[in-house]
Amino acid sequence: MKLRGLMLYIPVALLLTPFFIAPMLVIGTESVAGPRGAASEYVKVFANQGIRTVLSNTFYVASTVTIVSLLVGYPVAYVLARLKGRMATIGVFLIFLPFWASTVIRSFAWMILLGRNGPVNSVLVGSGLIDDPIRFIDNGVGLMIAMTYIMVPFIIVPILNGLRAIDPNLSRAAAVLGANPLRQFLVVTLPLSIPHVAVGCAIVFVTSLGFFVTPSLLGGDLMMVSMLINAQANRLLDWPLASSLAIVVLFLTIMVFALLRLSQLASRRRGRSRAGVVA
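It is worth spelling out the confidence of the model for the protein at this point. On average, the protein scores 83 in pLDDT, and the residues at 70 or more come to 94%. The secondary structure element of the protein with the lowest average pLDDT is helix α1 (residues 2-7), at 67, and the one with the highest is helix α4 (residues 49-82), at 91. Across residues 275-279, confidence stays below pLDDT 50; counting only partners more than four residues off in sequence or on other chains, it has 0 contacts.

Attention now goes to the nonpolar core. Of all hydrophobic cores here, the largest spans 32 residues; its most connected members are Val61, Val65, Leu143, Met147, Ile156, Ile159 and Leu163. Mapped onto this core, the elements with two or more residues apiece are α4, α8 (141-165) and α10 (181-209). The contact partners of Ile156, leaving out residues within four places of it in the chain, are Gly73, Val76, Ala77, Leu80 and Ile95. Core analysis: the second largest hydrophobic core is formed by 10 residues, Val54, Val225, Leu245 and Val248 among them.

Applying the stated criterion across every chain yields a total of 1 salt bridge. Residue Lys44 pairs with Glu41 through a salt bridge whose shortest N-O separation is 3.6 Å. A residue pair is termed a helical-turn pair when its members lie 3 or 4 positions apart in one helix, as Lys44 and Glu41 do in helix α3 (residues 40-47) at 3 residues.

Take the environment of Ser226 next. On the secondary structure map, Ser226 appears in helix α12 (residues 225-235). The exposure class assigned to Ser226 is buried, which follows from its relative accessible area of 13%. A sequence separation of 172 residues divides Ser226 from Val54, and the C-alpha atoms of the two residues are 9.5 Å apart. Aside from chain neighbours lying at most four places away, what touches Ser226 is Gly210, Phe211 and Phe212.

Quick notes on the rules
- Residues numbered from 1 in each chain as written.
- Predicted model: local features only at pLDDT ≥ 70, side-chain atom pairs only at ≥ 80, totals over all residues.
- Heavy atoms only, no water.
- pLDDT = per-residue confidence, 0-100.
- Helix = DSSP H or I, 4+ residues; strand = E, 2+ residues; numbered from the N terminus.
- Contact = heavy atoms within 4.5 Å.
- Core = buried A, V, L, I, M, F, W, Y, C linked by side-chain atoms within 4.5 Å.
- Buried < 20%, exposed > 50% of the residue type's maximum accessible area, 1.4 Å probe, protein only.
- Salt bridge = Lys/Arg side-chain N within 4 Å of Asp/Glu carboxyl O.

What follows is the structure in structure tokens.
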């Protein structure tokens, strides 16, 4: 049985080795090939004020997009989890409908919508809410709106799966004990959905760290780390610095998933300890 289980990993290893592991080894080797020593490029990443600002901008944008995606995605997932039959199918279809268009097309669409003479400003000016068009592009606002639109489905799916897995009898039992709908949600639904919320937030946050197309089109002067890596590798030909930046982002990504895994294990231990006390 163990041998059969190990054989299942062979296709995964054959896929990851040439397309992920080997390139990462090349990048890792390049990152320590700087002219001023093996660790010089990593020192530059954390010592250079400009690079630190780019990393700060990246984490700020990724964090904001994750929070807004959660605020938008959780209510949508909650409603979808309670739909039945054809309505549920239509709702899920609408969630995945944006994936029919590429990220480039969706980013260009938001450039048109949020432009100075675009539909959004035209409606706001025409309705009298504002006197002059608002500058959405090139200041981070349009970037976060577009990234949130792109990332919301990625947070809806794990939360929706988690909400559908919750036994409805738990909410009924809470109602029998006198809990109103809000109390049922806060005591039963929300705590049980937290692990799936954490998974969705991790996916959105980590994916947002590596966004390139949308920040390039809508970010303007707000540079993110993917844009900096591209500039160092393709324009300045500073491959050691670009490689060290990529390794730093990879390490931070691994840390996010490691913290998520540790929180899941801690949650399971608390659940087992509570079960033992009740028993």
